[in-house]
Amino acid sequence: REAIFATMRTCAFAILLSAAVMLPTRSAADISRSSCSAFVAPAAATGGLRPVPRSLAQLRGRGVACATAPSSGRRMMPLCMQAEPGTAPLVKAIAGTTTLKATDYYKPLVEGDILESDDRQRKIVLGSYVALATLFVKGCVLLPDMDAIVACKTVLAVLVGYEFADLGSGVYHWSMDNYGTKNTPVFGTQIEAFQGHHELPWTITYRQVCNNIYKICQATFPVAMAGIVAIDDPYVLLWMSTAISFINLSQELHKWTHQGRDQTAWWINTLQDYNVIVTRKGHLAHHKPPFESNYCIVSGHCNSLADRIGLFRGLEKAVFTLTGNVARCENNERLLEDRVVELGIKRKSVTLSRNESTEK
């Protein structure tokens, strides 16, 4: 009996974590003077264009503009993104305001984009997790009498599901980063959003939970329903419920890597400290043009292996062979950089292509 309960607690981790993130520790839709987030922190809303102080303008002489989050007595890591050497990123603020909705504060790069959740998005997320709970319960009910072998298989199904979600998030992230445009059927808005995130990575920290994850929940819902209807293998069901739960959560886990420690709950910081979920430092490595590595954003465990064996370079060669399309991390195409520069939010960066960087 104790083994059964222990196994069920392990399998429930994904869904419990999913429920926990629905209760944010602070308003994700509001921006106060104390807010300082992402790899570049927005200036406080005191009016006009405000540069990051020159004393923080470079990180170890590499031309990386930085700001630090309020420390609250802690040692904080720099929150950085690549900028043109000798310059600091600029952020537009609205004069005379202290607290605003995030969508009002930022001029969205994607037409019609908002950062707050609406009722439709909440219903999509709720429906997705009701289906996942059903999938999980079905798997638990169908488990045979518990013994050491069954317990090992159950734990293995959960662990493999978790790491599968990490690898899957990396493949999906890589594809959205490197191929297609806003006009691509089905995925166009997501492709454009991923490109916008490279230019303004901090905006994700102001997305409310359901706004941040509903698109993935919408895409995975049919898979969860198919599992409920057509699959009777308990280990496959537990693998699916774990994998889909964390695939759904990948953008929220991603968001936490762009927030300072004082902006996230203690248990989030603990999970990052013990490398259970993707860490701030690990994901920061992705935000270095040409954005060609560290794509996995669930646990981050697959990043080292995928980059070491050249998984994504191999996929890029395969795509080029089949379609003739070159990955953006190869040709250094940045779809929304000119738009950001035009808005006065950031100065144009100087980025070498992969080949030029290698030659240097």
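Residues numbered from 1 in each chain as written. Predicted model: local features only at pLDDT ≥ 70, side-chain atom pairs only at ≥ 80, totals over all residues. Heavy atoms only, no water.

## Some words on the overall build of the protein
Stated precisely, the cut-off is as follows: Helix and strand definitions follow DSSP, with helices as H or I runs of at least four residues and strands as E runs of at least two, each counted in order from the N terminus. Only protein chains enter the calculation, and the probe is 1.4 Å; a residue is then buried if its accessible area is under 20% of its type maximum, exposed if over 50%, and partly exposed in between. Contacts are residue-level and defined by heavy atoms, with any inter-residue pair within 4.5 Å sufficient. Method for areas: the Shrake-Rupley scheme with a 1.4 Å probe, in which residue coverage is limited to the protein chains shown.
Counting its regular elements, the protein contains 15 helices and 6 strands. Taking all 360 residues of the protein together, 50% fall into the buried category. Long-range contacts, defined as pairs at least 24 residues apart, comprise 73% of the intrachain contacts of the protein with a sequence gap of at least 6. Accessible surface computed for the protein: about 17300 Å², of which carbon and sulfur atoms make up 60%.

## Here we look at the packing of aromatic side chains
Note the threshold: In this analysis, rings of Phe, Tyr and Trp, with Trp reduced to its six-membered ring, are considered paired at centre separations within 6.5 Å, and the interplanar angle assigns stacked below 30 degrees, edge-to-face beyond 60, and tilted for intermediate values.
Across all of its chains, the model carries 7 aromatic pairs by this definition. Relative to Tyr179, the ring of Trp174 has its centre 5.4 Å away and its plane inclined at 75 degrees; by these criteria the two rings are edge-to-face. In terms of burial, Trp174 and Tyr179 fall into one category: buried. When the centroid spacing of 5.7 Å and the interplanar angle of 90 degrees are considered together, the rings of Trp256 and Trp267 count as edge-to-face. Of this pair, Trp256 sits in helix H8 (residues 234–257) while Trp267 sits in helix H9 (residues 266–273), placing them 11 residues apart in sequence. Each residue in the set Trp174, Tyr179, Tyr295 and Phe312 is aromatic and connected to the rest through ring pairs, giving one cluster.

## Concerning the environment of Met225
Mapped onto the elements, Met225 comes out in helix H7 (residues 209–230). With relative accessibility at 32%, the residue Met225 sits in the partly exposed group. Residues Met225 and Thr134, 91 residues apart in the sequence, show an inter-C-alpha distance of 9.1 Å.

## Re a nonpolar patch on the surface
What counts is decided by this rule: Exposure above 30% relative accessible area and the lack of any salt bridge qualify a residue for a patch; like charges then connect within 9 Å, and the nonpolar side chains Val, Leu, Ile, Met, Phe, Trp and Tyr within 5 Å. Put simply, a salt bridge is a Lys or Arg side-chain nitrogen that is within 4 Å of an Asp or Glu carboxyl oxygen.
A cluster of nonpolar side chains, Val137, Val141 and Leu142, forms an exposed patch at the surface whose accessible area comes to about 260 Å². Mapped onto the elements of the fold, Val137 is located in helix H4 (residues 119–142). When its relative accessible area of 45% is taken as the criterion, Val137 is described as partly exposed.

## Remarks on the nonpolar core
Going by this rule: What makes a nonpolar core is a set of buried Ala, Val, Leu, Ile, Met, Phe, Trp, Tyr and Cys residues whose side-chain atoms join them at distances within 4.5 Å.
Val125, Tyr129, Phe246, Leu253 and Ile277 are the most contacted members of the largest nonpolar core, which has 28 residues in total. For this core, the secondary structure elements donating two or more residues are H4, helix H5 (148–178), H7, H8 and H9. If you look at the next biggest cluster of nonpolar residues, it comprises 9 residues, including Phe136, Cys140, Val150 and Ala157.

## Quick notes on H5
Convention followed: An expected span of 1.5 Å times one less than the residue number is assigned to each helix. Within 3.5 Å is the distance limit for a polar contact, defined as a pair of N or O atoms, with the added protein rule that one can donate a hydrogen and the other accept it, and that residues adjacent in sequence qualify only through two side-chain atoms.
Compared with the 45 Å implied by 1.5 Å per residue over 31 residues, the 45 Å span of H5 between its first and last C-alpha is a close match. For H5, the capping residue at the N-terminal end is Asp147, with a side-chain oxygen 3.1 Å from the backbone nitrogen of Ile149. Gly180 sits one or two positions beyond H5 and adopts a positive phi of about 85 degrees.

## Observations concerning the pattern of salt bridges
Throughout the structure, instances matching the rule amount to 6 salt bridges. Salt-bridge contacts for Asp273 lead to Arg261; the nearest nitrogen and oxygen are separated by 2.8 Å. With Asp273 in helix H9 and Arg261 in the loop between H8 and H9, this residue pair connects regions lying 12 residues apart in the sequence. For the salt bridge of Glu316 with Arg313, the shortest nitrogen-to-oxygen distance reads 2.7 Å. Remark: Arg313 and Glu316 occur in helix H12 (residues 311–323); sequence separation between them is 3 residues, near one turn of the helix.

## Observations regarding the environment of Gly227
In this structure, Gly227 sits in helix H7. Between the C-alpha atom of Gly227 and that of Ala131, which follows or precedes it by 96 residues, the distance is 9.5 Å. Once residues within four sequence positions are removed from consideration, Gly227 is found in contact with Leu135, Lys138, Leu237 and Met240.

## So, the confidence of the model for the protein
Applied cut-off: In predicted models, pLDDT denotes the confidence assigned by the predictor to each residue on a 0 to 100 scale.
Averaged over every residue, the pLDDT of the protein is 75; the share at 70 or more is 62%. Note on residues 14–99: pLDDT under 50 across the span, and 214 contacts to partners over four residues away in sequence or across chains.

## Some points on the side chain of Ser245
For Ser245, the position within the fold is in helix H8. A polar atom in the side chain of Ser245 sits 2.7 Å from the backbone oxygen of Ser241.

## Side note on the packing of H5 against H12
When two helices pack together, you describe them by how their axes are tilted relative to each other and by the distance separating the axes. The criterion, for reference: Throughout, an axis means a line fitted to C-alpha atoms (over the contacting stretch in the case of helices), and angles, computed between N-to-C directions, take values from 0 to 180 degrees. Should an angle lie under 35 degrees it is considered roughly parallel, over 145 roughly antiparallel, and from 65 to 115 roughly perpendicular; all remaining angles are considered oblique. Here a crossing is taken to be left-handed if its near helix is turned anticlockwise relative to the far helix by less than a right angle, and right-handed if that turn runs clockwise.
Orientation of H5 relative to H12, taken along the N-to-C sense of each, is 45 degrees, at an axis distance of 11 Å. When the axes of H5 and H12 are compared, the pair comes out oblique. Judged by the twist between their axes, the crossing of H5 over H12 is right-handed. When H5 is examined against H12, the residues Leu167, Gly170, Val171 and Trp174 are found in contact with a partner set consisting of Leu311, Phe312, Leu315, Glu316 and Val319.

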